[in-house]
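# Observations on the model geometry
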Amino acid sequence: MTETFDREKTEASDWFRTLRDRIVAAFEGLEDSHLSGPFADRAAGRFDVTPTVRTAEDGGDAGGGLMSVMRGGRVFEKVGVNVSTVHGRLGERAQKAMAARGVPGMTEDPRFWASGISLVAHMQNPHAPAVHMNTRMFWTPHAFWFGGGADLNPCIEYAEDTAHFHAALQGACDAHDPDYYARFKAWADEYFFIPHRGRARGVGGIFFDDLNSGDWQADFAFTRSVGEAFLPAFLPLVDRRRATPWSEAEKDRQLVHRGLYAEYNLVYDRGTKFGLETGHDANAVLMSLPPLAKWV
């Protein structure tokens, strides 16, 4: 069993890295092809890539990954695409959080292994939507599961963009289980809701966690489908909106919406909390924060 899980963990972490490479190449391709409209006269954006390291509680190296961030591009004001594979022993607070979610054996054996990709894009043009996507695998000696999803965060909503994004995600879900889309859309609507503001942070998408059907290959195949659906779901929206003229009022509206996004990620997001509590690189964990935001 241990040998099987070691093989599966390697397969999963390799795939997250492959997806990262495809997305980085596609986003730099968007920068290269933006030859008209706002910011077309500046140099095409490129990702700065920095290795990240998780420091274990005993001071040892417990894995890491790559933080890839582009700032000030033609199309992207800031976008981060991070991958990591980390391992070690969960601290007391993380153990309690996992036990509360029903993960068995946390007090007896708090070892863990986790790998995934996380992406957040904030756009130059307020007509182009911000977006988030992540997929991940988590393992303990007593359980494994997959999680992830994607959600769209426009400050100026276009119904056709929302419909396209959801249709792409529904296609990924329907290929595996006809109940997945409705279930995971509802989960996203609940998860990405901001209680203290009484509203959602965007127009939703899908969210799933603790996915363990008992068939690792099936669960991993679904997780791959979600990741592979991202570029077809998002790139056409950017192509459609990236050269649209905008007003100062629309830019101001974007900055206020980013404040909402920042509030959610700092107060409620599971990934942010887990990353900070388990000693991962703080800059990588907080990569999701926008470069500029505004509160009124």
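Please refer to the structure placed before this passage.
Conventions we followed
Residues numbered from 1 in each chain as written. Predicted model: local features only at pLDDT ≥ 70, side-chain atom pairs only at ≥ 80, totals over all residues. Heavy atoms only, no water. Phe/Tyr/Trp six-rings, centres within 6.5 Å; stacked < 30°, edge-to-face > 60°. Helix = DSSP H or I, 4+ residues; strand = E, 2+ residues; numbered from the N terminus. Buried < 20%, exposed > 50% of the residue type's maximum accessible area, 1.4 Å probe, protein only. Lys NZ or Arg CZ within 6 Å of the ring centre and 35° of its normal. Pairing = 2+ DSSP bridges.

In the structure shown here, the tally under the stated rule is 26 aromatic pairs. Where Y180 meets F222, the ring centres are 4.7 Å apart and the plane angle is 55°; that geometry is what we call tilted. Of this pair, Y180 sits in helix α4 (residues 180-191) while F222 sits in helix α5 (residues 216-241), and the two are 42 residues apart along the sequence. Across this residue pair, the class does not change: Y180 and F222 are buried. Ring geometry for F230 against F234: centres 5.6 Å apart, planes inclined by 20°, an arrangement best described as stacked. Taken together, the residues F230 and F234, both in helix α5 and 4 residues apart, mark about one turn of the helix. F234 matches F230 in its accessibility class, with the two residues each being buried. An aromatic cluster is present here, built from Y180, F184, W187, Y191, F192, F207, F208, F222, Y264 and Y268 joined pairwise through their rings. We note R224 situated over the ring of F220; from NZ or CZ to the ring centre the distance is 4.6 Å. Sitting above the plane of the W246 ring, K251 keeps its charged end 5.7 Å from the centroid.

What follows covers the pairing of strand β4 (residues 111-123). Among the 13 residues in β4, 11 count as buried, and that is most of the element. The sheet contact formed by strand β3 (residues 76-89) and β4 spans 13 bridges and is antiparallel. Within β4, the residue paired with K78 across the bridge is H122. Bridge analysis of β4 against strand β5 (residues 130-140) gives 9 bridges, and the strand direction is antiparallel. Residue I117 lies in a different strand from β5, and its bridge partner there is T135. Following β4, the chain reverses through 6 residues before pairing antiparallel with β5.

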